[in-house]
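Structural characterization, general
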Amino acid sequence: MNLTSILAEKKENSLKLKKALWILLKYKPLWLIRLSNEDLTHSLVKWLKSLPAWFVVYIEWIKTEILSKNVVITWKLEDDVLSWFDFIVTDNDIKNINIYIDLWITPIISKKNDYTDLLVEFNPLKNTWNSFLYEKENKWDIFYTIVRYMENYKFPYDNKNLVKNVLNNK
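First, a word on what this report is: a plain description of the structure on this page.

A separate point is helix α5 (residues 156–168). Residues spaced three or four apart along an α-helix point in a common direction, a consequence of the helix completing one turn every 3.6 residues. Between the first and last C-alpha of α5 there are 18 Å, a value that for 13 residues agrees with the 18 Å anticipated at 1.5 Å per step. Residues of α5 that are buried: Asp158, Asn159, Asn161, Leu162, Val163, Asn165, Val166 and Leu167.

Here we come to the pairing of strand β2 (residues 54–58). Within β2, five of the five residues are buried, which leaves it mostly tucked inside the rest of the structure. Where burial is concerned, the two faces of β2 agree: the one with Trp54, Val56 and Tyr58 and the one with Phe55 and Val57 are both buried. Two elements, strand β1 (residues 30–34) and β2, share four bridges in a ladder whose sense is parallel. Residue pairing across strands places Ile33 opposite Val57, the latter belonging to β2. The parallel pair β1 and β2 is bridged by helix α2 (residues 38–48), and the resulting crossover is right-handed. Both β2 and strand β4 (residues 71–74) contribute to a ladder of four bridges, which runs parallel. Note that in β4 the partner of Phe55 across the bridge is Val71.

Reading the values: the criteria
- Residues numbered from 1 in each chain as written.
- Predicted model: local features only at pLDDT ≥ 70, side-chain atom pairs only at ≥ 80, totals over all residues.
- Heavy atoms only, no water.
- Helix = DSSP H or I, 4+ residues; strand = E, 2+ residues; numbered from the N terminus.
- Expected span 1.5 Å × (residues − 1).
- Buried < 20%, exposed > 50% of the residue type's maximum accessible area, 1.4 Å probe, protein only.
- Pairing = 2+ DSSP bridges.
- Right-handed = clockwise from strand over helix to strand, strands pointing away.

Treat this as a map of the structure, not an account of what it does.
What follows is the structure, encoded as structure tokens:
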């Protein structure tokens, strides 16, 4: 499968997920937030509401609820819907980042992650590497990294190279 067809498939799958979760189709990028620290997740959600993107926030044992026009919280995510996401924000408690990389999902994770041999900060000037990394596990650094990624997402050429790098570096 070539990169153009992969991106087209992701777009089609993203629309399916948005319809399944009653998400408005207004925003283009679709994020999965999956952090182990529930307090950190809740404090981050308040800020995510201000961004022009859709966020599905995974927290165990919470019923699916629409928190705002662009944030849905859930604990039910079947494996077959994971490929529908563009990005995942996660931490070191993630068990296998390769599941997401194999589905062309760009990881945003701590610099001090367990996958430093696989994940390196994307450099848009050189179009190299395959992830975005945050310094510290706090809402400030994570939000800053999300905003940096959203700036990159605005440039189709850079974003296409990032997805290509995710695929090639697994």
